[in-house]
Amino acid sequence: IVDIQDVGLRFYTYYITMCHLMDACGAKGKHVLLLDRPNPNGHYVDGPTLDMSLKSGVGHLPIPAVHGLTLGELAKMAQGEKWLNEGNDCKLTVVPCKNYTHHTLYELPVRPSPNLPNMQSIYLYPALCPFEGTVVSLGRGTDKPFQLYGHPAMNVKYTYSFTPESVKGSSHPPLLGQECFGVDLSQMPKEEIFKRGMDLTYVIDAYTCLKEQGMEMGFFRRFFDLLLGQRYVREMIEEGATAEEIKARWQPDVEAFKELRKPYLLYAE
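What counts as what
Residues numbered from 1 in each chain as written. Predicted model: local features only at pLDDT ≥ 70, side-chain atom pairs only at ≥ 80, totals over all residues. Heavy atoms only, no water. Helix = DSSP H or I, 4+ residues; strand = E, 2+ residues; numbered from the N terminus. Rg over C-alpha atoms; globule rule 2.2 N^0.38 Å. Buried < 20%, exposed > 50% of the residue type's maximum accessible area, 1.4 Å probe, protein only. Contact = heavy atoms within 4.5 Å. Areas by Shrake-Rupley, 256 points an atom, 1.4 Å probe, with all protein chains shown as cover. Lys, Arg positive; Asp, Glu negative; His and termini not counted. Charge placed at Lys NZ, Arg CZ, Asp CG, Glu CD. Salt bridge = Lys/Arg side-chain N within 4 Å of Asp/Glu carboxyl O. 1 Å grid on protein atoms, 1.4 Å probe; cavity = no way out; pocket = protein on both sides within 12 Å on 5 of 7 lines; lining within 4 Å. Points joined across faces, edges and corners; volume = space filled by probe spheres on them. Nonpolar A, V, L, I, M, F, W, Y, C, P; charged D, E, K, R; others polar. Pairing = 2+ DSSP bridges. Phe/Tyr/Trp six-rings, centres within 6.5 Å; stacked < 30°, edge-to-face > 60°.

> Even after reading the chapter, I still don't get the overall build of the protein, so can you show me in this structure?
The helix and strand tally for the protein stands at eight helices and seven strands. Computed over the C-alpha atoms, the radius of gyration of the protein is 19 Å, within 12% of the 18 Å expected from 2.2 N^0.38 for a compact globule of 269 residues. If you line up the protein on its principal axes, its C-alpha atoms span 60 × 35 × 35 Å. Sorting the 269 residues of the protein into buried and exposed places 55% on the buried side. Put simply, 69% of the contacts in the protein that link residues at least 6 apart link residues at least 24 apart. Total accessible area on the protein stands at roughly 12,100 Å², and carbon and sulfur atoms take up 51% of it. Taking the 27 positively charged and 32 negatively charged side chains of the protein as two groups, their mean positions are separated by 6 Å.

Okay, structure coming up:
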């Protein structure tokens, strides 16, 4: 039985556990019953599609970073597109939600994981999670995880600051005990977040700030490519591309995915 609250991102790993379960059940002739739930980021599709040469524990299927599907729809698509292990075609039953469409802004009654404490963090997650693959803090170890970003050396540009501490759910956050200077997005209106979508402006801003101090060589980590699912995102940032130019690069893949997923949709777009 699959009954868990997802948030609709390729690098949010609950769907990977679901795929492993479907593989195991297919191999053993077991039936998978999936109790579907709304996707709080189900109102749009955005971001690069995973290059399967970068398949990892934070990227399992050839889908955009923001896929816009519920787990039930994604399970049907993984099975229908033969993305599961070859020969492990499990019997799948999806119990759909009532009164849900892809434009239903469903607010989660319980946090889905410790570092996504509220809807602001869930809505900003697509734009701020890429910082996990950099030297910049995204607020782990504060009361606003996935709503801030900053670094000690960004004090040349910003006066707002926060200091990551050891807290429940984040005992050893990046830049622990160091005062980080940067940006607080916790009060950004959700309409503005939705308009921006998967916005790389924040990563580019931090990269540019640290590059001006000669720190660009250590900015990105291997994990960044795994999270974004494509090497060209990092390469274009390093070459000076804007967020709009990078988004234009992945937009054709987004449109192709939206067509590919149509037979598997359980809810109106």
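> It is not clear to me how the pattern of salt bridges should be interpreted in this structure. Could you clarify?
For the structure shown, the criterion picks out 13 salt bridges. Across the pair Asp199 and Arg196 runs a salt bridge whose closest N-O atoms are separated by 2.6 Å. For Arg196, a relative accessible area of 29% puts it in the partly exposed group. Put simply, Glu192, Arg196 and Asp199 are held in one network by salt bridges that share partners.

> How should I be thinking about the side chain of Asp225 in this particular structure?
Secondary-structure assignment places Asp225 in helix H6 (residues 222-228). In this view, Asp225 contacts Leu54, Gln230, Arg231 and Arg234; residues no more than four positions away in its chain are not counted.

> I'm lost on empty space enclosed by the protein in this one. Help?
Sizing a probe to match a water molecule and rolling it over the atoms shows the empty space that remains. In total, this model carries two cavities of 30 Å³ or more according to the counting rule given. Put simply, the largest cavity is a space of about 60 Å³. In this structure, the largest cavity is lined by 13 residues; those nearest its centre are Ile4, Asp6, Asp36, Arg37 and Leu71. In the lining of the largest cavity, the residues fall into six nonpolar, three polar and four charged. Of the volumes computed, that of the second largest cavity is approximately 40 Å³. Together, Tyr123, Leu124, Ala127, Met188, Ile193, Arg196, Gly197, Asp199 and Tyr202 line the second largest cavity. Secondary-structure elements contributing two or more residues to the lining of the second largest cavity are helix H3 (119-128) and helix H4 (190-196).

> I would appreciate a short explanation of helix H2 (residues 71-80) in the present structure.
The α-helix advances 3.6 residues per turn, and as a result positions three or four apart in sequence lie on the same side. Burial analysis of H2 places eight of its ten residues in the buried class, which makes it a mostly covered element. Directly after H2, the chain includes Lys82, whose backbone phi takes a positive value near 60°.

> Teacher, can you tell me more about the layout of surface pockets here?
Considered as a void within the structure, the largest pocket measures approximately 200 Å³ in volume. Around the largest pocket sit 16 residues that line it, and Phe11, Tyr12, Tyr125, Glu132 and Arg140 are the ones nearest its centre.

> Looking at this structure, I do not really get the sheet that holds strand E5 (residues 148-151). What am I missing?
Where strands meet in a sheet, backbone hydrogen bonds hold them as pairs that are either parallel or antiparallel. Pairing is antiparallel in the open sheet, where three strands are placed in the order E5-E7-E6. Across the chains shown, the open sheet's two edge strands, defined by having one partner strand only, are E5 and strand E6 (161-162). Note: E6 against strand E7 (residues 180-184), two bridges, orientation antiparallel. For Ser161, the partnering residue across the bridge sits in E7 and is Phe181.

> Before we go on, may I ask you to explain the environment of Trp83 in this structure?
With respect to the helices, strands and loops of the structure, Trp83 is situated in the loop between H2 and strand E4 (91-95). Distance in space between the C-alpha atoms of Trp83 and Leu61 is 7.0 Å, their sequence separation being 22 residues. Here Trp83 is in contact with Leu61, Pro62, Ile63, Met77, Ala78 and Leu260, once residues within four sequence places are set aside.

> What am I meant to see in the packing of aromatic side chains here?
Each aromatic ring pair is specified by the distance between its two centres and by the angle formed by the two planes. In the structure shown here, the tally under the stated rule is 13 aromatic pairs. Ring centres 5.0 Å apart and planes at 20° place the aromatic pair Phe131 and Tyr149 in the stacked group. A residue pair is termed long-range when its members are at least 10 positions apart, and Phe131 in the loop between H3 and E5 and Tyr149 in strand E5 qualify at 18 residues. Residue Phe131 is classed as buried on the basis of its relative accessible area, which comes to 1%. Taking 4.8 Å as the distance between ring centres and 85° as the angle between the ring planes, the aromatic pair formed by Phe219 and Phe220 counts as edge-to-face. Like Phe219, the residue Phe220 is buried in the burial classification. Taken together, the ring pairs connect Phe11, Tyr12, Tyr14, Tyr125 and Phe146 into an aromatic cluster.

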